[in-house]
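Below, each chain spelled out in residue letters.
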Amino acid sequence: MTRAALIEESGQDHARLERALGFGETSILTRFALRPALGPVLSLIALVFAYAIVNGFLVEAVFNWPGLGRYAAESIRSLDTPGIAGVTLLVALVYVLANLVVDILQGFVDPRTRSR
């Protein structure tokens with residue numbers, strides 16, 4: 001994903017201008033193309049984090065390892081409504097906070113995404 005984003009950014013008008021000004025290819029990639037290319041990469045990291053949470057729950061439930069996934073599975077089996085609600089709320093809160101961190105990082109990395 002990073003490679004594809006860097007290739008796309010290096011073909012933009014600003015990269016051609018920097019080549020015309022005499023900047024080296026490494027300098028163009030690291031100084032001018034990497035920051036705008038990191039936006040989609042950060043979004044992908046947030047999605048991978050969400051998949052890791054879900055897969056962690058599945059692994060704990062399938063292999064009967066102690067943890068939040070096993071607790072959630074046992075709560076579902078025993079119809080423990082407060083337990084189910086608590087686990088759901090905790091997972092949703094962690095997911096929202098992870099996406100908030102990614103959005104803030106995108107604002108620092110790519111100034112075009114900042115709100116005014």
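Residues numbered from 1 in each chain as written. Predicted model: local features only at pLDDT ≥ 70, side-chain atom pairs only at ≥ 80, totals over all residues. Heavy atoms only, no water.

### Here we look at the packing of helix α3 (residues 25-63) against helix α5 (residues 81-109)
The relative placement of two packed helices comes down to the angle between their axes together with the axis-to-axis distance.
Consideration 1: Packing of α3 against α5 leaves a shortest axis separation of 9 Å and a crossing angle of 170 degrees. Taken together, the axes of α3 and α5 are roughly antiparallel relative to one another. In the packing of α3 onto α5, the handedness of the crossing is right-handed. Contact residues: α3 offers Arg35, Leu38, Gly39, Leu42, Ser43, Ala46, Leu47, Phe49, Ala50, Ile53 and Phe57, while α5 offers Val87, Val91, Val94, Tyr95, Ala98, Asn99, Val102, Leu105, Gln106, Phe108 and Val109. (Axes fitted to C-alpha atoms, helices over the stretch in contact; angles between N-to-C directions. Helix = DSSP H or I, 4+ residues; strand = E, 2+ residues; numbered from the N terminus. Parallel < 35°, antiparallel > 145°, perpendicular 65-115°, else oblique. Left-handed = near helix turned anticlockwise from the far one by under 90°. Contact = heavy atoms within 4.5 Å.)

### With respect to the packing of aromatic side chains
Consideration 1: Under the defined criterion, the tally for this structure stands at two aromatic pairs.
Consideration 2: Both rings, one in Phe23 and one in Phe32, keep their centres 5.2 Å apart while their planes meet at 70 degrees; by these two values the pair is edge-to-face. (Phe/Tyr/Trp six-rings, centres within 6.5 Å; stacked < 30°, edge-to-face > 60°.)

### Points about a nonpolar patch on the surface
Consideration 1: Among the surface-exposed residues, Met1, Leu44, Leu47, Val48, Tyr51, Tyr95 and Val96 lie close enough to one another that they form a single nonpolar patch of about 680 Å² accessible area.
Consideration 2: Elements with a contribution of two residues or more to the nonpolar patch: α3 and α5.
Consideration 3: The element contributing the most residues to the nonpolar patch is α3, with four residues.
Consideration 4: Taking relative accessible area as the criterion, Val48 reaches 48% and is therefore assigned partly exposed. (Patch = residues over 30% accessible without salt bridge, like charges linked within 9 Å, V, L, I, M, F, W, Y side chains within 5 Å. Areas by Shrake-Rupley, 256 points an atom, 1.4 Å probe, with all protein chains shown as cover. Salt bridge = Lys/Arg side-chain N within 4 Å of Asp/Glu carboxyl O. Buried < 20%, exposed > 50% of the residue type's maximum accessible area, 1.4 Å probe, protein only.)

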